[in-house]
Each structure stands twice: as structure tokens, then as C-alpha cells.
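Now for the letters of each chain:
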Amino acid sequence: MKSKFMCSLPWIHSSIQPTGMSTVCCEADHTDMKSYAYDHNEAGGIEVLSLANNTMADMINSENYKHIRREMMQGNVPSACMTCFKTEQAGGTSKRQTHRTLSIDELTQTHDDGTITPDIEILELRLGNTCNLRCRTCNAESSSLWVNDYFELHKTLDFVGNYNELHKIRKHLVRDWFLDENFYKSLSDKITNLKELHISGGEPWLIRQHTEMLKFVPDDTIISYHTNLNYDKETIMFMYNQLKDHKNVVINCSIDSIGDKLTYIRNPLNWDKAIENLNTIISLFPNTVICQTVSVLNFLDIDELYTYFKNNNITNRHYLNFADSPAYMSPYLIDSNIRKKTIDNLKQILPHDLVEPLNRYYNDIQHSSSTLTQFKQYTAGLDKIRNEQFGGMFPVLKDILWN
């Protein structure tokens, strides 16, 4: 059995999307449904599975998931996994490399066709698309506030998201699965070995039904939330009361820049409100961390947020997330020499654990001119809809990208 490109996630993990569909990994290639759990129907077409009519066990042993496992066991790189492969080839650290290796038992107990006995250790739940932000790096599938902008943009820009296509594929899609308390109760006998539970959305703290599941989570499970800081204090206190008896709770607070730049990137989040809620959450949850998503918009001034925290004695762990999909929001739009110079300068400002992940961009990879054109069209379209001005907010970046 070969193992040149082996990843444990297709064996031990389930990643549920806001639609109730499942992908093999959050960083996998989602185009053409490469990473989705699907079977083939009698006509030979793809039948994508979802929580509307299927269980997580069905999805873990779907035809495509079994195919991905077979590919890995044969020493091949599945087409769904090219994001990690390209990152590693460029000298970066991929998501695959950050997870544990599979045991010999797990491999030998895998059937020849890729079938396994589901034993979920890592569960990612994205609780629908109910959200009160419309971030530039997001989409209508993950944010209800994005939907109107999506339909307006889609009149002239057909590359913006696949909100329409997913609905065509799943005409019977039940979009409110995440509001059904019975779904959460049904997980009770499926998560007995759960090591990590990652909950996001949408905005998960707006979906109170999901707290029913917390009754069944093993005591030593790491419960990790991604939350957007855009709510009132009563919401924070409700979640605190639901989580205070769990010992391994991590609150990842998403905040990407400072001041008006934050509002532009994560519209309509107000900077003062974000900082007020962040300080409240830090006071209640000892393990609160800062998740800063790096995109083309904030790559040149990543250090501004770190500097603000340092000057205001906010010492919580701070890590980077990367918006490489869609490609027209990726830092790879910036000239490779400018990226390298920016990273070299950041080495003088940021601690090593923040700079080291940026080395994924310390190479000569460059997105095509057509991708840059998409960014310009996308940005101009959203600016018109939202009455915002990219050039006024990011003049240096505009000069770089437009020249």
C-alpha cells in the first residue's frame, strides 16, 4: 500500500457546509463538486448528498469519498486535494501536514473500495448561512446578508459564487436543517470519540438550537467556535451560560483589519463594536483567540491589527487564516517581488508564529491577468452596490494592482 500523499481527514473527519452538504476538507478544491460527498444516479449523473435526505455516515462512505481514499492508498494525489499539494510543492505548510497520520489498523481496515466504519474524531459544522455580515471574502452560500448583493452582481459577473448552481443540483435541499433540534440529538451516538468540534456559519451564535448538541459532547472534546463579533451582549452571555461547564472551549474571533478598513472588508461590522465585544468575550472565555483572514485586501498591512493589540495590551493568541479561494481575493494577485518584500519587512515587526505562515506566499507564483480582471470587476461591482470606494480605502494597493 503506497502512501506518498496520505491525509487522515477523509477517514476521521466530516465537514458539513452551510447547505447541509459535506466536503472532504474545508481547503479542498470545491469546483465541479470535486470535494463533495456524492453518488452517481442511474443515468450516470452526480447526486450530491446532504443532510436533507442523508446521514453523515452516508456521506463519509459516498462514492466520491471512497474514491478519494482509494486514490491516496494508491499513492496518488486526488484532484480534490490539489490545494495542499500545490502549497507543499511551493514550500509552504499545508492543512494535510498539520493533522495526524493514519494508523496501520485504520489503513488495513479500509475496504478495497474505500469503505470505512465511520468514527468521527473531527467534526466541522457550518450552521447554515444565517449571518449579519457580508464580508468581501465570503459569499451568499455562507451569508444570508450576501444574497441580495450576489443576485445583483450575478447579472453581469457569472464567476461570483455558485449560489444558483448548488440549488439546481439539490432541488430538494432543506436549508434550515441547522434549526432542527432533532438533528443535533441524532448526533449523540455518533460523536462518542469526538476530539474536536468546530462550529461556524454563517454566524453560529445566532443559531441557538445547536446548543442542544453540547449536552452530548464528551468532556475532553475541544469545542471551537468561529464568531464575527457582531451582536449584543445578551447573545454573548447566552453562549457563555451554555459553555461555562465545558473545560476545553476555544472562541475564535474573526477580525481582519482596523478602523474603516475592517468595515470595508467585513461590512457592516463597526470597529468600536467589534473591540467592545472582543474585550467582553476575553473576560469570559480564557481561551479566546484572534483569527485574522489574510486576503489581497489586507496583505500589505497585516501588521496594523497586531500593532493595535500590542499597544492596547491584548495578548491573546493571534493566528492567520488565508483567503486563497476564490482566486480573485488571494494575495497571489500581488506581484511576487512585492509579496516577498512585504514579508521581509513584516519579519521586523511580527512575531515568528505570525510571519512563518506567510511564507506560503514567498515564491514566484502569480495569478493570471484574467484573475486580476475578475478582482477589479468584482470590487467595482460591490463598491457600486454598497456605495464604497476601494481606491480611497486602499490607495497603495490600488496603485500596485492597477499598474
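Only a predicted model underlies this, so the values are computations on that prediction, with no experimental measurement involved. (Residues numbered from 1 in each chain as written. Predicted model: local features only at pLDDT ≥ 70, side-chain atom pairs only at ≥ 80, totals over all residues. Heavy atoms only, no water.)

Moving on: empty space enclosed by the protein. Using a probe with the size of a water molecule, rolled over the atoms, empty space left in the structure can be pinpointed. The full count for this structure, using the stated rule, is one cavity of 30 Å³ or more. In this structure, the largest cavity spans a volume of roughly 110 Å³. Considering the residues around the largest cavity, the lining is formed by 13 residues, among which Cys 7, Cys 25, Ala 28, Cys 81 and Cys 84 are closest to the centre. Across the lining of the largest cavity, the residue classes tally to eleven nonpolar, no polar and two charged. (1 Å grid on protein atoms, 1.4 Å probe; cavity = no way out; pocket = protein on both sides within 12 Å on 5 of 7 lines; lining within 4 Å. Points joined across faces, edges and corners; volume = space filled by probe spheres on them. Nonpolar A, V, L, I, M, F, W, Y, C, P; charged D, E, K, R; others polar.)

So, on to the layout of surface pockets. In this structure, the second largest pocket spans a volume of roughly 210 Å³. Along the walls of the second largest pocket sit Trp 11, Ile 12, Glu 106, Gln 109, Thr 110, Ile 116, Thr 117, Asp 119 and Glu 121, which together make up its complete lining. Along the lines of polarity and charge, the residues of the lining of the second largest pocket split into three nonpolar, three polar and three charged.

This brings us to helix α13 (residues 336-346). Those residues of α13 lying buried are Ser 336, Arg 339, Lys 340, Thr 342, Ile 343 and Leu 346. Taken down its axis, α13 places every buried residue within 160° of arc, on the same side. Facing away from the buried side of α13 by more than 90 degrees, the exposed set consists of Asn 337 and Lys 341. Those residues of α13 that are buried lie in contact with α12 (303-311) and α14 (352-355). N-cap assignment for α13: the residue whose side-chain oxygen lies 2.9 Å from the backbone N of Asn 337 is Asp 335. (Buried < 20%, exposed > 50% of the residue type's maximum accessible area, 1.4 Å probe, protein only. Helix = DSSP H or I, 4+ residues; strand = E, 2+ residues; numbered from the N terminus. Arc of directions from axis to C-beta. Contact = heavy atoms within 4.5 Å. Polar contact = N/O pair within 3.5 Å; in protein donor to acceptor, adjacent residues only side chain to side chain.)

It is worth spelling out the nonpolar core at this point. With 72 residues, the main nonpolar core has Leu 125 and Ile 255 as its most contacted residues. Sort the elements by how many residues they give to this core and helix α11 (residues 271-284) lands first, with five residues. If we skip the residues at most four places from it in the chain, Ile 255 touches Leu 229, Leu 262, Arg 266, Trp 271, Ala 274, Ile 275, Ile 290, Cys 291, Gln 292, Leu 305 and Phe 309. (Core = buried A, V, L, I, M, F, W, Y, C linked by side-chain atoms within 4.5 Å.)

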